[in-house]
Protein chains: 2
Amino acid sequence: MSDAATAFAPGGVGNVGPGLDILGLAVAGAGDEVRVEWTSSPGIQVLDPGHASLPSDPMRHSSALAARAVLAAAGERLERRGLAIRVRKGLPLSGGQGGSAASAVAGAVAANALIGQPLDRKGLLAACLEAEEVVAGRHLDNIAPSLLGGIVLIRCMETPDLVQLPVPDELMVVLVRPEQQMRTADARAVLPASLGRDVALHQAAQVGAIVAALALGDYELLGRAIDDRIAEPARARLLPGFAEAKAAALAAGALGSSISGSGPTAFALTRGRPAAERVAAAMVRAYAAAGQPSAARLGPVDRTGARLVDSAGVAR
Amino acid sequence: MSDAATAFAPGGVGNVGPGLDILGLAVAGAGDEVRVEWTSSPGIQVLDPGHASLPSDPMRHSSALAARAVLAAAGERLERRGLAIRVRKGLPLSGGQGGSAASAVAGAVAANALIGQPLDRKGLLAACLEAEEVVAGRHLDNIAPSLLGGIVLIRCMETPDLVQLPVPDELMVVLVRPEQQMRTADARAVLPASLGRDVALHQAAQVGAIVAALALGDYELLGRAIDDRIAEPARARLLPGFAEAKAAALAAGALGSSISGSGPTAFALTRGRPAAERVAAAMVRAYAAAGQPSAARLGPVDRTGARLVDSAGVAR
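Conventions and cut-offs
- Note that residues are indexed from 1 along each chain, following the sequence as it is written.
- Following the order in which they are written, the chains are lettered starting with A and the ligands numbered starting with 1.
- With pLDDT at 70 or above as the cut-off, local features in this predicted model cover only qualifying residues; side-chain atom pairs require 80 or more to be listed or tallied, and sums for whole chains, interfaces and linings still use all residues.
- The side-chain values count all of the structure's non-hydrogen atoms but skip hydrogen atoms and water molecules.
- The helix and strand labels rest on DSSP assignments: H or I over at least four residues marks a helix, E over at least two residues marks a strand, and numbering proceeds from the N terminus.
- Every radius of gyration here is taken over C-alpha atoms, with the globule rule written as 2.2 Å times N^0.38, N being the number of residues.
- Partly exposed describes any residue whose relative accessible area lies between the buried limit of under 20% and the exposed limit of over 50%, with all areas from a 1.4 Å probe on protein chains only and scaled to the type maximum.
- Contact definition: two residues touch when any of their heavy atoms are within 4.5 Å.
- Note on areas: Shrake-Rupley with a 1.4 Å probe; residue coverage comes only from the protein chains shown.
- Counted as positive: Lys and Arg. Counted as negative: Asp and Glu, with His and the chain ends omitted from the count.
- Charged side chains are reduced to one point each, which is NZ for Lys, CZ for Arg, CG for Asp and CD for Glu.
- Any Lys or Arg side-chain nitrogen located within 4 Å of an Asp or Glu carboxyl oxygen qualifies as a salt bridge.
- Note on definitions: angles span 0 to 180 degrees between N-to-C directions of axes, and those axes are lines fitted to C-alpha atoms, for helices only across the stretch in contact.
- Here roughly perpendicular refers to angles of 65 to 115 degrees, roughly parallel to angles under 35, roughly antiparallel to angles over 145, and oblique to all remaining angles.
- The handedness criterion is simple: a crossing whose near helix is rotated anticlockwise from the far helix by less than a right angle is left-handed, and one whose near helix is rotated clockwise is right-handed.
- Residue polarity is assigned by list, with Asp, Glu, Lys and Arg as charged and Ala, Val, Leu, Ile, Met, Phe, Trp, Tyr, Cys and Pro as nonpolar; anything else, Gly included, falls into the polar class.

## Looking at the overall build of chain A
What chain A contains, in helices and strands, is 10 helices and 12 strands. Relative to the 2.2 N^0.38 estimate, which gives 20 Å for 316 residues, the radius of gyration of chain A is 19 Å and therefore close to what a compact globule would have. Expressed as a percentage of the 316 residues in chain A, the buried residues total 61%. For chain A, the share of sequence-separated contacts (at least 6 apart) that also reach a separation of at least 24 residues comes to 74%. Total accessible area on chain A stands at roughly 11600 Å², and carbon and sulfur atoms take up 49% of it. When the 30 positive and 30 negative side-chain charges of chain A are each reduced to one mean point, those points stand 1 Å apart.

## Here's the deal with the pattern of salt bridges
Residues and elements named next belong to chain A. Here the structure, examined in full by the defined rule, presents 30 salt bridges over all chains. Residue Glu-37 is joined to Arg-86 by a salt bridge in which the shortest nitrogen-to-oxygen separation is 2.3 Å. Of the two residues, Glu-37 sits in strand E2 (residues 23-39) while Arg-86 sits in strand E4 (residues 82-88), which places them 49 residues apart along the sequence. On the basis of relative accessibility, which here comes to 19%, the residue Glu-37 falls in the buried class. Classification of Arg-86 by relative accessible area gives partly exposed; the value is 36%. Lys-246 is paired through a salt bridge with Glu-232; the nearest N and O atoms lie 2.8 Å apart. In this pair, Lys-246 is assigned in helix H9 (residues 242-251) and Glu-232 in helix H8 (residues 231-236), connecting sequence segments 14 residues apart.

## Observations concerning the packing of helix H2 (residues 99-114) of chain A against helix H3 (residues 121-135) of chain A
Residues and elements named next belong to chain A. Following both chains from N to C, one finds H2 and H3 inclined at 140°, their axes separated by 9 Å at the closest point. Taken together, the axis directions place H2 and H3 in an arrangement best described as oblique. Relative to H3, the crossing made by H2 is right-handed. Counted together, Ser-100, Ala-101, Ala-104, Val-105, Ala-108, Val-109 and Asn-112 of H2 and Leu-124, Cys-128, Ala-131, Glu-132 and Val-135 of H3 form the full contact between these two elements. When its residues are assigned to classes, the contact of H2 with H3 shows nine nonpolar, two polar and one charged.

Set out below in structure tokens:
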């Protein structure tokens, strides 16, 4: 066993369009990095929560909660030694890019490495879910892609049954975050508790079509299927500039666009990088015209998911 | 232009498990055959409706309605000549095997052939939908696979956007029909008008998983995803013996089982023909034990869909 381990976990898009709670993807680029090391004092301490607004209380930081769950699942009681955690936050807070999930995943993967990898994928998912439940809600659509990489369908959460979907080679993801924070709890509060059957069946058809489009490499179908009639209509009114940014994305050639996670980040899918760059610029301009400064990033789907890195952040 | 044309259209499964209204498949074997010929009397006559219980009124028989819609779409007014229709009914009435859709599809395809194929696939779909709306309800999940073959996802009905899904080579479909008739209207009346969000999202995840399973050739995932929490719970209580037959199917090795269309036929999916034969026998025994005589058939997915045949029923 080593004295320290560091893991990186990517952010991405939860609630991919109509895939509310059940479809997520990881985006290459930004992510959270968590370093865990043994200390002589029992329990878990958060030496660096990664951001001034994040709690140092280990019972409230998703990274520490996930590390704790890993150690508990492995039977490590932290009575005679403890864990010190340092978080390097690469993802925005309350941004809708899966930041709390990435911190949990990186914390879990690093802690698991520190104790000799006793937990398998299922154990890691359970540990991360326990953490995510405390800070953002009991959902796997950010955790699963951050841990596993790719585009993941959550067929069943309680007895996890995850399906990694094919990723078309030219698929690019644009993420544009306006300067607004959105608490997941607030974004969930506006979701309707019940739905008309027609809306439910439409939504199911879109999810099926997204999966088919990914499998068939049919980019146009993928775009048509990004048609969410549950979360997007409810949340768009909490997000000034979103409607304009989405319209600008589609006009600039995006295949489809919707809200990433519970927002405020908007995402768009494109075929190829030049289209992604045009779409990102158009969305930023549209937010600006609506009085919202914003920041864009873009990248392909991260197919790797969480990985151990050395202390300089390089994959081991 | 010829004087007569005959078309065959296969039956199959609508509402494939959680794919209520949006997912259907054609099954090789039984289907309806429709012969149309020119006559000197204006209008449409149904010379043989195919079954004593089916109407000879051309405004009430799906095959005549679809043929009429095809001629209307092509601008053929039937003022100086008319159409005579003979139906050979291979599918059960009100059986849940897509019989009204198959009659409509065969009628449309035969009529279209008679006038030189002016309608494309989109035009044929619209004509069949017009007919199906009158006799069974406005849905494409039986029409589309009967016309096109295969397993079809209806992403959008009103501006038809159909996705033909990959069909795994060893997939077999078992259809077991108890001696009970079920009117589509009665079966629709018990469906809930609104749903809890959790049920809707679960259903969407299952539809996504079915599509993924078909694309990946993952038979076990396909079985797990046949988990309908909307139609099956509502309709099962109208179908004596169904719960027992489903349990018997799963115990005999079916991947999954649910209600075909709006019932009373139950379907099961298996990997390979020997499993299909065991499952069919087990389901028939279970229905018998529940006091319901039943008839089983099985076959692979019909990948061809509707086709013109000569008057002896052989594909041209």
